[in-house]
Amino acid sequence: MPVNPKLRFLYVAWAFLECVLFGGLLYGWGSLVFILIEEGVYSELCDGYIPPVSTTARSDHGVSGHTPLPVSTTEKSDHRDSILDSRDSTGDPAVEEGVHAAWRQNCPVRERRFALVFTVATVALCVGTAALGQLNFKYGTRLTRLCALVIFTAGALLTGFTSHDLPWLIFPGLSLVAVGGMPLLMTNTQFSNLFTRGSSTVVSLLSGAYDTSSGVPLILKLLHERGISLRWSMLVIASAHLLTMVSTFFFLPEGFIAKVAPEPVVLNVGRRNSEGLPNEHSDEDNAHEREPLLRSGKKEEQKESIKSCILSPMYCLHVLWMSILQLRFLFFIGSLNTWLNSLFHNTEDVSHYTNVCQFVMMFGLVCSFISGIVYDINKRIFDDSRSELRRKLMPAVMPQTLTALLGIVMSALVLRNAHSVLYPTFIVNVVFRSFMYSMAASYIGVMFPSEYFGVLYGLMIILSGSVGMAQYGLFAWSQASGYTTVNIFLIAFLTLSLVHPLYQWITCHRAESRSHCEDSVQNGKHL
């Protein structure tokens, strides 16, 4: 079924819903951790652990709950003795709450295990994105999305069946959910090719939808507090994910959506002869100077090779920029629960601020949309540049610089380690994350041919994910030395991300100067 450009807004709306519902569930990890703790996952690692009597922590109706506990012959603490004694003597329902309180206690060993779960999932996301990007490049959109459907469904089921008795299921479950969600963004960004203007805004909108999906685990947490088990919630999500087949078979082509021809652009504005009239050779000079940025149709010979794209300084520095900033973000998400526990000494406050953080993150859609608009506005500002290189690179300089500065500001706020910085930190975090991921995708979508997007984006994700593995080391470091030391290091580390926009600015300045000199020489020849 051919893609109808007249329906491009419908396509984008459907793609938006896909990304919101199923894209980045991994980044709602702060809410999911609470559910896992309530379900008793890895509670056996904690001191004073009280084992359940049943192999399941859920009732037949899908309502979360825990069965009565047997009297153990080996007592681990006076607290455990009192719970067991009160259960035997009274059968009071408060006993169950006492067990939950024991499971909710601060437990460094369990926190490290959950940090490992998140780290493994992020690494799996990076590796899976690269693999599916290669699959998308070689075999097209449809096969990639079908594979993603199977992966996501398997991950949702494994996550749903994670319990106290089967805690290890969260490792493959969360990893597969993360991997299965990324191809939705990867393949849906093709719809931006149907827009001659505002294509970066469309990519940013979809990236924002991917970010906003981190609010789905928050909804699961609120449902869990009202008695709906994780198992039933994940079964519903797995079933709803089948709706992605609508776009797979009816909206998206089996291969790729080619970019529409761009509107004519008047280049080298102001090049005139001595009489003040347009230079008669300007069209020839423009055609010689301009290498088309957007390519479609049969002009395959004009395309850069994928190898030259990967080895280009702009791509390598973009990967470095992404790697540094993503490490800062992943460490914040992975250590959120532990950081809040260091500020508060009761579960209610930690739960409240976790909800606030995840709720604020849902507004990443607005921030991503703004970042896309900023990018498109900058492209118009530099559209009349003499140098083609400056027209391509300069629009990204300001958004990338701003993103790096936001990461530094967020780290500085966390340094205060006070209650008063929580709301500003959450707000800066969501703006930082939205700009980072929207710029990461938009930059590749604009700078390189669309057929290479899956490969280049996947390679960037796997390389940045390799750096992101350091988050587990940072987590262990923070437990040993405190968050202050780690955040000071991250502030210094984040300054390296400014190299990318600085290099682009210097390159553009030199290219524009050369073009200006060439124009002066050319005008002199025509006098």
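Before reading on, note that the structure itself is shown above.
Residues numbered from 1 in each chain as written. Predicted model: local features only at pLDDT ≥ 70, side-chain atom pairs only at ≥ 80, totals over all residues. Heavy atoms only, no water.

Draft legend 1. Structural detail: the overall build of the protein. Each helix and strand in the protein was counted, giving 23 helices and zero strands. Contacts in the protein between residues at least 24 apart in sequence constitute 81% of all its contacts with a sequence separation of at least 6. A total accessible area of about 22,200 Å² is found for the protein, and carbon and sulfur atoms account for 66% of it. (Helix = DSSP H or I, 4+ residues; strand = E, 2+ residues; numbered from the N terminus. Contact = heavy atoms within 4.5 Å. Areas by Shrake-Rupley, 256 points an atom, 1.4 Å probe, with all protein chains shown as cover.)

Draft legend 2. How the structure looks around the pattern of salt bridges. Under the defined criterion, the tally for this structure stands at two salt bridges. The shortest N-O distance in the salt bridge between Arg-145 and Glu-18 comes to 2.9 Å. Of the two residues, Arg-145 is situated in helix α6 (residues 141-160) and Glu-18 in helix α1 (residues 8-22); the sequence distance between them amounts to 127 residues. In this structure, Arg-145 and Glu-18 share a single accessibility class: buried. One salt bridge in this structure joins Lys-221 and Glu-225, with 2.8 Å as the shortest N-O distance. Of this pair, Lys-221 and Glu-225 both sit in helix α9 (residues 216-225), four residues apart, roughly one helical turn. (Salt bridge = Lys/Arg side-chain N within 4 Å of Asp/Glu carboxyl O. Buried < 20%, exposed > 50% of the residue type's maximum accessible area, 1.4 Å probe, protein only.)

Draft legend 3. Examining the state of the cysteines more closely. Taken as a whole and judged by the stated rule, the model has one disulfide. Two residues share a disulfide in this structure: Cys-46 and Cys-107, whose sulfurs sit 2.2 Å from each other. Residues Cys-46 and Cys-107 are joined through a disulfide that is left-handed, its torsion about the S-S bond being -110°. Of this pair, Cys-46 sits in the loop between α2 (29-38) and α3 (78-90) while Cys-107 sits in the loop between α4 (94-104) and α5 (108-139), and the two are 61 residues apart along the sequence. Taking relative accessible area as the criterion, Cys-46 reaches 6% and is therefore assigned buried. Owing to a relative accessible area of 4%, Cys-107 belongs among the buried residues under this scheme. (Disulfide = S-S within 2.5 Å.)

Draft legend 4. Looking closely at the side chain of Ser-478. Note on placement: Ser-478 falls in helix α21 (residues 470-481). A distance of 2.6 Å separates a polar side-chain atom of Ser-478 from the backbone oxygen of Phe-475. (Polar contact = N/O pair within 3.5 Å; in protein donor to acceptor, adjacent residues only side chain to side chain.)

Draft legend 5. How the structure looks around α5. The end-to-end C-alpha separation of α5 is 45 Å, in line with the 46 Å expected for 32 residues at 1.5 Å each. Gly-140 sits one or two positions beyond α5 and adopts a positive phi of about 95°. (Expected span 1.5 Å × (residues − 1).)

Draft legend 6. Focus on the nonpolar core. Core analysis: the largest hydrophobic core is formed by 118 residues, its most contacted members being Trp-29, Trp-339 and Phe-426. Examining the composition of this core, we find that 14 residues originate from one element, helix α19 (residues 422-447), more than from any other. With sequence-adjacent residues up to four places away left out, Phe-426 is seen in contact with Phe-332, Leu-336, Trp-339, Tyr-353, Val-356, Cys-357 and Val-360. (Core = buried A, V, L, I, M, F, W, Y, C linked by side-chain atoms within 4.5 Å.)

Draft legend 7. Expanded view of empty space enclosed by the protein. Inspection of every chain in the model, using the stated rule, returns seven cavities of 30 Å³ or more. There is about 100 Å³ of room inside the largest cavity. Along its surface, the largest cavity is lined by 14 residues, and Val-33, Phe-114, Gly-334, Asn-337 and Thr-338 are the ones closest to its centre. Lining the second largest cavity are 13 residues, and of these Tyr-27, Leu-125, Gln-326, Tyr-437 and Ile-461 sit closest to its centre. Among the elements of the structure, α5, α7 (170-188), α8 (199-212), α14 (313-334) and α20 (453-468) are those that each provide at least two residues to the lining of the second largest cavity. Considering each element in turn, the lining of the second largest cavity owes the most residues, three residues, to α5. Along the lines of polarity and charge, the residues of the lining of the second largest cavity split into ten nonpolar, three polar and no charged. (1 Å grid on protein atoms, 1.4 Å probe; cavity = no way out; pocket = protein on both sides within 12 Å on 5 of 7 lines; lining within 4 Å. Points joined across faces, edges and corners; volume = space filled by probe spheres on them. Nonpolar A, V, L, I, M, F, W, Y, C, P; charged D, E, K, R; others polar.)

Draft legend 8. Inspection of the packing of α5 against α7 at higher detail. Where α5 meets α7, the axes come as close as 8 Å, and the angle between the chain directions of the two elements is 40°. When the axes of α5 and α7 are compared, the crossing they make is right-handed. Across from Arg-113, Leu-116, Val-117, Val-120, Ala-121, Ala-124, Leu-125, Gly-128, Thr-129, Leu-132, Gly-133 and Asn-136 in α5, the residues of α7 making contact are Ile-170, Phe-171, Leu-174, Ser-175, Ala-178, Val-179, Met-182, Pro-183, Met-186 and Thr-187. (Axes fitted to C-alpha atoms, helices over the stretch in contact; angles between N-to-C directions. Left-handed = near helix turned anticlockwise from the far one by under 90°.)

Draft legend 9. Expanded view of a nonpolar patch on the surface. On the surface, Ile-219, Leu-223, Ile-228 and Trp-232 cluster together into a nonpolar patch covering about 350 Å² of accessible area. Looking at where Ile-219 falls in the secondary structure, it is placed in helix α9. With relative accessibility at 44%, the residue Ile-219 sits in the partly exposed group. (Patch = residues over 30% accessible without salt bridge, like charges linked within 9 Å, V, L, I, M, F, W, Y side chains within 5 Å.)

Draft legend 10. Molecular detail of the environment of Leu-340. By the element assignment, Leu-340 lies in helix α15 (residues 336-343). Sequence separation between Leu-340 and Thr-354 is 14 residues, and the spatial gap between their C-alpha atoms is 8.0 Å. Leaving out residues up to four positions away in the same chain, Leu-340 has contacts with Val-350, Tyr-353, Thr-354 and Leu-422.

Draft legend 11. Seen up close, unusual backbone geometry. At Tyr-42, a residue that is not glycine, the phi angle is positive and equals roughly 60°. Note that Tyr-42 resides in the loop between α2 and α3. A residue is classified by how much of its surface remains accessible, and Tyr-42, at 5% relative accessible area, is buried.

Draft legend 12. Representation of α7. Between its first and last C-alpha, α7 extends 28 Å over 19 residues, near the 27 Å set by a 1.5 Å rise per residue. The buried fraction of α7 amounts to 17 of the 19 residues, a majority that puts the element mostly inside the structure.

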